Amino acid sequence: MESKVVGRFAPSPTGRMHAGNIYAALVAWLVAKSQGGDIVLRIEDLDRERSKPRFIDAVQRDFEMLGLTWDRGPFFQHDRDDAYAEAFRTLADKGLVYPCYCTRADLHAASAPHRGEKLVYPGTCRHLSAEERTAREASGRKPASRLMVDDEEISFLDAVQGRYTQNLERDCGDFLIRRSDQAFAYQLAVVVDDAAQGVTSVVRGVDLLCSTPQQIYLQNLLGLPHPEYAHIPLLVAEENRRLSKRDHDASLETLLARFKTPEAILGHIAGITGLAPTCDPASADELLSCFSLDALHGRIQVKWE
Ligand code: GLU
């Protein structure tokens, strides 16, 4: 018997929802529900400074209002430090973790990425001598922790973007699994949580496509299963600039003022992204009847209008 599909909503509670978040949640919901699956709600509040309790409540109310239901959760990343610490120890026991003293400024000075390009860590702290390490420790600043990668191709078949391959050494470099403020890094937390919450289907914006090989690498090291991935086009305000919480015309409040009903908002988003043939109002349930990922294939952006 095929096991049940489990999708997820994974909002970061750093602001109110906007059209891009609604679109990602809608597709996650449609992918899971079209296969008789469940949705898990996980609040990604790793960043304690930027996560605000009022947004945690608001995001849940917003999903409910939009008819984007979840079956399990909410789970909170702030409750999960023990699980992240255990995964961290497993990686450290393999001899793959080292302290990194580089500041953001050091990293940018070492390799200035072109706009939109990922910064490749040059391995500075991996190669420190014992004396250099002691000197850096003397500064009193707590180091971050990086995971060593090797010269290995990681490849997977994305349900929207097709085959995607990265050589972690060349395209990414050793990456952070714990920040210098000692918070566990997104890549580690998301992999541990997806596995613990039984997530089999990850739907998210194509801006995270380049993170997925890191997550697959972590799953391999930790002996965790690989979910199916679908990286959907980004809604953009203008070419190459994704909608953000600053684009007030795409915020949920403005959308409600403009479209009046949740169905009209969902129908508009479904229409402009090609999920539905028209922009007519439609509930999430109604959108299920015509749902297919085909219309999204290979696209990386959709102009918000
Ligand atoms: N929390 C992230 C966001 O709101 C999503 C991370 C993920 O889907 O892996 O953009």
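The text that follows walks through the structure, step by step, so that each part is easy to find. None of these values were measured; they are calculated from a predicted model.

A closer look at a negative patch on the surface
Part 1: Taken together, the side chains of Asp150, Asp151, Glu153 and Glu169 make up a negatively charged region of the molecular surface.
Part 2: By the secondary structure assignment, Glu169 is in helix α6 (residues 168-171).

A short note on the packing of aromatic side chains
Part 1: Applying the stated criterion to the full structure yields seven aromatic pairs.
Part 2: Both rings, one in Phe88 and one in Phe184, keep their centres 6.0 Å apart while their planes meet at 65 degrees; by these two values the pair is edge-to-face. Of this pair, Phe88 sits in helix α3 (residues 81-93) while Phe184 sits in the loop between β8 (175-178) and α7 (186-196), and the two are 96 residues apart along the sequence. Across the pair, exposure class does not vary: Phe88 and Phe184 are buried alike.
Part 3: Judged by centre distance (6.4 Å) and plane angle (65 degrees), the rings of Phe175 and Tyr217 are edge-to-face. Highlighted residues: Phe175 in strand β8 and Tyr217 in helix α8 (residues 212-222), separated in sequence by 42 residues. Tyr217 carries the same exposure label as Phe175, and that label is buried.
Part 4: One aromatic cluster in this structure is built from Phe9, Phe63 and Trp70.
Part 5: Lying across the ring of Tyr121, Arg146 places its NZ or CZ 3.5 Å from the centre.

Quick notes on the pattern of salt bridges
Part 1: Within the structure shown, the criterion is met by 17 salt bridges.
Part 2: Here Arg8 makes a salt bridge to Asp194, at a shortest N to O gap of 2.8 Å. One end of the pair, Arg8, is in strand β1 (residues 6-9); the other, Asp194, is in helix α7, and 186 residues separate them in sequence.
Part 3: The class of Asp194 is buried, set by a relative accessible area of 3%.
Part 4: Between Asp62 and Arg16 there is a salt bridge, with the nearest N and O atoms lying 3.0 Å from each other. Residue Asp62 is found in helix α2 (residues 53-65), and its partner Arg16 is found in the loop between β1 and α1 (19-33); the two are separated by 46 residues along the sequence.
Part 5: Accessibility expressed as a relative area gives 5% for Asp62, which makes it buried.

Rules of the game
- Throughout, residues of each chain are indexed from 1 in the direction in which the sequence is written.
- Local features are withheld for residues below a pLDDT of 70 in this predicted model, meaning they are given only at 70 or higher, and side-chain atom pairs are given and counted only at 80 or more; totals for whole chains, interfaces and linings count all residues.
- Side-chain figures throughout are based on the complete set of non-hydrogen atoms in the structure, without hydrogens or water.
- Like-charged residues are merged into a patch within 9 Å and nonpolar side chains (Val, Leu, Ile, Met, Phe, Trp, Tyr) within 5 Å, provided each residue has over 30% relative accessible area and no salt bridge.
- Residue exposure ignores everything except the shown protein chains as possible cover, and the areas themselves are Shrake-Rupley values with a 1.4 Å probe.
- Whenever a carboxyl oxygen of Asp or Glu lies within 4 Å of a side-chain nitrogen of Lys or Arg, that contact is scored as a salt bridge.
- For this count, His and the chain ends are skipped, Lys and Arg are scored as positive, and Asp and Glu as negative.
- For charged residues, the charge sits on one atom: NZ in Lys, CZ in Arg, CG in Asp, CD in Glu.
- The helix and strand labels rest on DSSP assignments: H or I over at least four residues marks a helix, E over at least two residues marks a strand, and numbering proceeds from the N terminus.
- Two rings belonging to Phe, Tyr or Trp (six-membered ring only in the last case) form a pair when the distance between their centres is within 6.5 Å. Interplanar angles under 30 degrees mark stacking, angles over 60 mark edge-to-face geometry, and anything in between is tilted.
- Classification of residues uses two cut-offs on accessible area relative to the type maximum, computed with a 1.4 Å probe and protein chains only: under 20% is buried, over 50% is exposed, and between them is partly exposed.
- By definition, being over a ring means that NZ of Lys or CZ of Arg is both within 6 Å of the ring centre and within 35 degrees of the ring normal.

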